[in-house]
Every structure is written in C-alpha cells, then in structure tokens.
Amino acid sequence: MRKKIVAGNWKMNRKLQEGIELARTVNEKVSGTDVTVILCTPFIHLSEVKKILNRDGLFLGAQNCASEESGAYTGEVSAEMIKSAGASYVIVGHSERRSYYNEDDLTLNKKVKLALKNDLIPIFCCGEVLEERKAKKHLSVVKNQIEKGLFDLPDRDFNRIVIAYEPVWAIGTGVVATSGQAQEMHKIIRDLLVSRYGKEIADDTSILYGGSCKPSNARELFANPDVDGGLIGGASLNADDFMGIVHAF
Ligand code: 13P
C-alpha cells in the first residue's frame, strides 16, 4: 500500500528561530494521523528541527542536494551531509531549481542517485509551464522529465521514490489545478510507471500534487484515486493551514 504524504516545502523562508518555532508547533499538532508528514526546511534548519520532531510519522527533509558526492564544490550541500543532519527525504528537481538554477535532467538524475545512495528518499518533482499546457504538450513534458530523471533506476531503487506533480502555473499563484486536471496527470504518471516498472511498484509509489494547495481545496484534490497527497509551499508556513491540509485526508 502506498503512503499518504503531506510534505511542507518552506522554500527560502523563515529565519532559524522562526523555523524552530514553526516546527515545534507542527510537532505539537501532529498526532493520530496515518498520513506521513514531512517538513522540508532550509539546510541550516535541518539539525535544529531534527531535535524537535518526535512524533510518529513526522519526518525531516531537505529541498535540494548537490549533484556531486563531496569535495571542492563551494556552497554546495551533499546528500551525505543532509542524511547526517537527520533528514529522511530530499526534494529533487523542483521547478524553481530547474528554471532559476538551470538544473537539467542529467543533473537531477545524479542527485536522485546520490540521495538514494545515502538512504534519503527523493521527492522528485515534475510539471509543465503554462505555455506547454496551452500547446497541449504538458503530458509529453512530464513524461520526458520522469523518464530522463528516473527511468534508469533499477526496481529496488524505484521502490523508494516519491513523485510530486507540480504544474508550474499553479505554484505560488493561487491558481490551483482542478481536481480533474490533477487526476488526469497523476493517472498518466501512474500508467507510465506501470509500463516501466510493473503494476506492483506503480501502485506502491506515492504521487503528490503541488501548487496552491490549501485546506480549502485539499480535500477535493486528495479524493482522487491517484493523488496520494501534497507538496505544500505557502500554506506550509502556517501550522494551522498545514495541519488543515494533513487533516483533509
Ligand atoms: P505553493 O503551495 O506556494 O503554490 O508552492 C507549491 C510548491 O512549489 C511546493 O513545492
């Protein structure tokens, strides 16, 4: 059975003390849920937030990792370091990394492999921009991102992947994908996984939706058979909103 997951992506928000407070509040509020809850904090928050999280089903994640193992890469943070700070997950290939930092498929594929090698679960992001959807290219864009980023992984590694579909036009815009648009893409992604890895692995892979997800729209999105949770940006910065989304299951 695949997991239901709600992951908060804090992005570049919250000073260290503020992040600690937010994590503390979320930690207090998480209980009695079968949803896996993940806080993806900035790097410098990781080890401090790790000390706070003590609830079953509440995990720590990073938002990125280096594409190289270690060495002279000034300013980079390796998967191994992230693991050593206590994280269990790492976001790879967020659209902000793809577009602002020119992260291409090959780079992201290297990051996924380093994450897995260091026992981190990659939350692999994919999604089209508005022009691509208007040109009816969104399905092929997402298919291509997943094939190039993930499909050379052996079955035993793919078992540990989480996918997040985040249509770029919905991120931070307040324009959420309709329930039908989300389900359509998630089903296509699942079918793609069936064709490459077989039904069992595809059925076990959690596919999250991201993009303007809020307590008010989460229930309808999560009611879809192929939407297994959310990757939450803005609403994860407020503990009540974030927990409202967790409870939308
Ligand atoms: P918003 O929820 O702010 O739209 O961001 C979504 C996102 O990018 C999560 O990774």
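Reading guide: rules and limits
- Residues numbered from 1 in each chain as written.
- Predicted model: local features only at pLDDT ≥ 70, side-chain atom pairs only at ≥ 80, totals over all residues.
- Heavy atoms only, no water.
- Near = heavy atom within 4 Å.
- Polar contact = N/O pair within 3.5 Å; in protein donor to acceptor, adjacent residues only side chain to side chain.
- Areas by Shrake-Rupley, 256 points an atom, 1.4 Å probe, with all protein chains shown as cover.
- Nonpolar A, V, L, I, M, F, W, Y, C, P; charged D, E, K, R; others polar.
- Buried < 20%, exposed > 50% of the residue type's maximum accessible area, 1.4 Å probe, protein only.
- Helix = DSSP H or I, 4+ residues; strand = E, 2+ residues; numbered from the N terminus.
- Pairing = 2+ DSSP bridges.
- Right-handed = clockwise from strand over helix to strand, strands pointing away.
- Salt bridge = Lys/Arg side-chain N within 4 Å of Asp/Glu carboxyl O.
- Expected span 1.5 Å × (residues − 1).
- Arc of directions from axis to C-beta.
- Contact = heavy atoms within 4.5 Å.

(A) Spotlight on the site of the ligand. Around the ligand lies a shell of 13 residues, among which Lys11, His94, Gly172, Ser212 and Gly234 are the nearest. With respect to the ligand, the side chain of glutamate 166 contributes an N or O atom lying 2.9 Å from an oxygen atom. Between the ligand and glycine 234, the relevant distance is 2.8 Å, taken from an oxygen atom to a main-chain nitrogen or oxygen of the residue. Relative to its unbound accessible area of 300 Å², the ligand is 94% covered by the protein chains. Residues that form the shell around the ligand fall into these classes: four nonpolar, seven polar and two charged.

(B) Molecular detail of the pairing of strand β4 (residues 89–92). Where burial is concerned, the two faces of β4 agree: the one with Tyr89 and Ile91 and the one with Val90 and Val92 are both buried. Of the pairings in the sheet, the one linking strand β3 (residues 58–62) to β4 comprises two bridges and is parallel in character. Counted as the bridge partner of alanine 62 is valine 90 from β4. Handedness of the crossover is the feature at issue here: the chain leaves β3, passes through helix α3 (residues 79–84), returns alongside β4, and the resulting connection is right-handed. When β4 meets strand β5 (residues 121–126), the two strands line up parallel, connected through four bridges.

(C) Region of the structure containing the pattern of salt bridges. Counted under the stated rule, the structure contains 22 salt bridges. Close ionic contact of aspartate 119 with arginine 160 constitutes a salt bridge, the shortest N to O distance being 3.8 Å. One end of the pair, aspartate 119, is in the loop between α5 (105–117) and β5; the other, arginine 160, is in the loop between α8 (155–158) and β6 (162–165), and 41 residues separate them in sequence. Ionic contacts of the salt-bridge type, sharing partners, join the residues Arg2, Arg190, Asp226 and Asp228 into one network.

(D) Molecular detail of helix α1 (residues 16–29). Counted at 1.5 Å a residue, the expected span for α1 with its 14 residues is 20 Å, and the 20 Å between its end C-alpha atoms agrees. Here α1 has its buried residues at Gly19, Ile20, Leu22, Ala23, Val26 and Asn27. All buried residues of α1 project into a common sector of 165 degrees when viewed along the axis, lining one side. The outward face of α1, more than 90 degrees from its buried face, is lined by the exposed residues Gln17 and Glu28. In the core, the buried residues of α1 are packed alongside β2 (36–40), α2 (46–52), β3 and α12 (239–246).

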